[in-house]
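Here is how the chains run, residue by residue.
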Number of protein chains: 2
Amino acid sequence: MGNQIKAANRLEFLMKEIADIQSASSLLQWDQETYMPNGSANFRSRQIATLSGIAHEKFVSGEISDLVNGLLEFNTIDPLYQRSLLRIRKDLDRKEKLNRNFVEKLSQSISTAYQFWEKARQSNDFNLFSSHLNTIVKLKKEECEFIGYEANPYDVLLDEYEPGMKKIRLDEIFSTLLPQLRELLDRIKNAPHQPNDEFLRGQFDSKAQWEMGIEILSGIGYDFNRGRQDISTHPFTITTSPDDVRITTRISENNIQEMLWSCLHEAGHAMYEQGLSANSYGLPGSEAASLGIHESQSRLWENQIGREFPFWKAHYSTIQQTFSKAFGSVELSDFYRAINLVEPGFIRTNADELTYHFHVYIRFKIECLLIEDKLQVSDLEDAWNTMYQEFLGLTPKNCLDGILQDVHWAHGSFGYFPTYSLGSLYAAQFYNSAVEQIPNLENQLEEGNTAQLLQWLKKNIYEKGRLYNSEEICTMATGSGLNPNIFMSYLNKKYQSVYQF
Amino acid sequence: MGNQIKAANRLEFLMKEIADIQSASSLLQWDQETYMPNGSANFRSRQIATLSGIAHEKFVSGEISDLVNGLLEFNTIDPLYQRSLLRIRKDLDRKEKLNRNFVEKLSQSISTAYQFWEKARQSNDFNLFSSHLNTIVKLKKEECEFIGYEANPYDVLLDEYEPGMKKIRLDEIFSTLLPQLRELLDRIKNAPHQPNDEFLRGQFDSKAQWEMGIEILSGIGYDFNRGRQDISTHPFTITTSPDDVRITTRISENNIQEMLWSCLHEAGHAMYEQGLSANSYGLPGSEAASLGIHESQSRLWENQIGREFPFWKAHYSTIQQTFSKAFGSVELSDFYRAINLVEPGFIRTNADELTYHFHVYIRFKIECLLIEDKLQVSDLEDAWNTMYQEFLGLTPKNCLDGILQDVHWAHGSFGYFPTYSLGSLYAAQFYNSAVEQIPNLENQLEEGNTAQLLQWLKKNIYEKGRLYNSEEICTMATGSGLNPNIFMSYLNKKYQSVYQF
């Protein structure tokens, strides 16, 4: 027993040390996007790389592995602690299979590819990026081989972001989803009553928008004593300690939606991180379950809350008073229709809740083809454009509106995109169960009261940490595994109301 | 030759890695004092401690020591590179003598002592802090024994901040300085024309002050592309990379001097750091020589520039226009007299250029007595009050105005205070030589042109890095070692003009 405690304490010490290093690295990244003077970019890259290298070395040095193996052999082990150990064991297995030489080669290729992705964007020329993307695809294929898989190499990549998820299951989900989305989109296109969203693109004072954002964030439960908001080019959430989860927003004076959706979206990510238990800092019990679950939290606050009536019944008068010129004579029902307008477009991050999933599916499909060697990078632009025509009825006029719009592949993040769709589906399913389980939830939201919803999310999702995978959390919280039809019901109900068919 | 290059490259790699860790730690500290949400204080302490621990471990792991020893044996070594190696060797010698157990004990005692220093300040009760201070004094004495010394244990403590400085030399310096300062103070007290400084304590809009500060900083040569200014409770300078040296200021709406002197003072520190060569990042060639030399740079810009006529001939009209109510009808000569008012007070950081050195001397004297075991912590408050009466003619009414005013001892920083006086003396001597060596320097300053002065400082001080000690730098730049009489001439000349005797 003494040895067991001693080993557990040592493991905790080592894992917390790594968490400290990663936290410091997060602050370096936050600062880079917010306050860092331009001149320091090169040194900042070095600093982040050095800390990542040290954290990796410490994790795979052998001591953590030995401690975990030793602890797993004790019979008297607590089942939740065992789950925690098994998570670490799995992380080790993955990281130990990649030798340092490979990790450095990948990291260097990503650095270079990112630079050329930026250059290609400046010149609007995919060819400047394609050979570097090709290198990354090759390395990601190697990574799949190093780590090993049963059915499909793509499963290896998925598993990094969405533990337990498989390509075959995603195919199933999308084959349920896509035909229903297409049908709904057709009905929307043909609806006689199209919403007008012109008043969302007026003239909105930055300072007033900023203050409204802060008010909304405080109102829904984002804890400013354990976080802060700043401005950055691309909004993001970052955790620099369990008691310091920061978000950023972007404000456009001509379009109030930039601020609104980024505040709600990032607050959803951030309240998840703020709600993780700090008791097992450094261990899986204090970590987020997956990117899909993470995205479910941002989507839930952005869409199920922020794009629905109850929330705006509480907040519309504030926005009307603050921006009376734009909204003074706009009815809440017209505002609601405007913020839920559906319109196929080129850019994923600007997409509505419906067409968004076509963007994701195209990327998922392309990633699989690349990794399975069924598509070459040289043919990528054509494949992209063909699929955009097929799913969205549009052909990008240039690379910026097409193949070069996302940074993910330049970052080596293959298998990441599907988690966006999973997030939307989980969000609808979680919210559906919350409504069933919390009496009068929507009345509470109409009064601007989100406390019980937040409590429900904390208990059913946040506090599970990374001790369960997405499907387990979903089943415990909602009574069943992921069911895309719940998302479809949500969308159908919403667009019937918006498009009045 | 191949081995020599290989070893030098490896040493550089390891030293740069440590510099990256220390840079990250600096950013954590900067953030703690500027933007960190309150809730995250505990985690931040851990993060900083972890990074310090890792940097220390890597430095004394043995590999660096072996590389340095090996490289020092080559005959073909460049003399400057040899200096660099010898600096590292000296740092290693010091750090290797302190075992990890001692380092951790000291670090924990400092953490605790700092908390009790804060509590004691809140309760205005030295007794709450004294036993913790006693522990630190004991540990510092142990540190002196571990490291070893020839003449006096205090030399060990001095050497950390001011390499090469000895207690016996400080005694000499102060025995030259103190009688002359006392005599000058008497003449000032008895002067018939006392300046009026009331107009400095009016009503000054924060935003206008902030903008004036930024204008002054840009004007004198602080590089905002490689730094930034923010607000903090206590102004400081911090280097988060050779290309990112940040400063902070404090603004009081009732007293414009807070902003003015902190901007110039911190800019002096920061331009030194910005002017260090980045070529040998991680090695002594890119590091500051000592705290005394560092302080000489802040004092030079604050006093020799900021409290003298040439600078204000260039800038007084701006301050008059911005704050016309306060300064509109005040002549430059009266402004000059006001900012150079001499008045004995309790608080070191508020002291004028003359009485400041009594504050420092009292602390130096007390530190020596404590370390030499000639004074007990229990008798400290009495000793402090007696000396304040003797040197400044004042007895503090409470601990906040007396023994508890500085954080240094709670931080374990013994041997630090004397570097403040050294800084003032070096500043006067450097400026004196700059005036001699740069034709028409004061005319340039009157035109708001600091470029040649900055160039002179860069060449004679900044670019020497830590390859030379303070006395060597002083001798190369000014033709002689530190000469306190140059500072006294500067003060005598100034106060003859201010007090018109």
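Whatever comes next refers back to the structure up there.
Residues numbered from 1 in each chain as written. Chains lettered and ligands numbered in written order. Predicted model: local features only at pLDDT ≥ 70, side-chain atom pairs only at ≥ 80, totals over all residues.

1. Digging into the relation of the copies chain A and chain B
Expressed as a screw operation, the relation of chain A to chain B combines 0.1 Å of axial shift with a rotation of 180°, fitting to an RMSD of 0.1 Å. Each copy turns onto its partner about a two-fold axis. Ranked by how close their C-alpha atoms come to the rotation axis, the residues of chain A are headed by alanine 24 of chain A, at 3.3 Å. The share of interface residues of chain A whose copies in chain B are also at the interface is 100%, consistent with both copies meeting through the same surface. (Least-squares fit on C-alpha atoms with pLDDT ≥ 70 in both. Contact = placed C-beta atoms within 7 Å.)

2. A look at the environment of cysteine 474 of chain A
Within the fold, cysteine 474 of chain A resides in helix α20 (residues 470–478). Linking cysteine 474 of chain A and glutamate 436 of chain A, residues 38 residues apart in sequence, is a C-alpha distance of 15 Å. (Helix = DSSP H or I, 4+ residues; strand = E, 2+ residues; numbered from the N terminus.)

3. Considering the interface of chain A and chain B
Every contact between the two is made by 30 residues of chain A and, on the other side, 30 residues of chain B. When residues of the side of chain A that touches chain B are assigned to their parent elements, the largest contribution, eight residues, is made by helix α1 (residues 2–34) of chain A. In terms of residue class, the side of chain A that touches chain B is built from twelve nonpolar, nine polar and nine charged. (Nonpolar A, V, L, I, M, F, W, Y, C, P; charged D, E, K, R; others polar.)

4. Re the nonpolar core
Nonpolar side chains tend to gather and get buried jointly when the protein is soluble and globular. Residues and elements named next belong to chain A. In this structure, Ala267 and Tyr426 are the most contacted members of the largest nonpolar core, which totals 102 residues. The element contributing the most residues to this core is helix α10 (residues 256–275), with ten residues. Discounting chain neighbours no more than four positions away, the residues touching alanine 267 are Leu217, Ile220, Tyr222, Ile247 and Trp301. (Core = buried A, V, L, I, M, F, W, Y, C linked by C-beta atoms within 7 Å. Buried ≥ 20, exposed ≤ 12 C-beta atoms within 10 Å, placed from the backbone.)

5. Quick word on the sheet that holds strand β3 (residues 244–249) of chain A
All names here are of chain A. Here we have three strands laid out as an open sheet, ordered β1-β3-β2, and mixed in their pairing. The open sheet has two edge strands, β1 (229–231) and β2 (237–241), and neither has a second partner. Geometrically, the sheet is characterised by an average inter-axis angle of 30° between neighbouring strands, direction not taken into account. Contacts from α10 reach β2 and β3 within the one sheet, and its direction differs from that of β3 by about 170°. (Pairing = 2+ DSSP bridges. Axes fitted to C-alpha atoms, helices over the stretch in contact; angles between N-to-C directions.)

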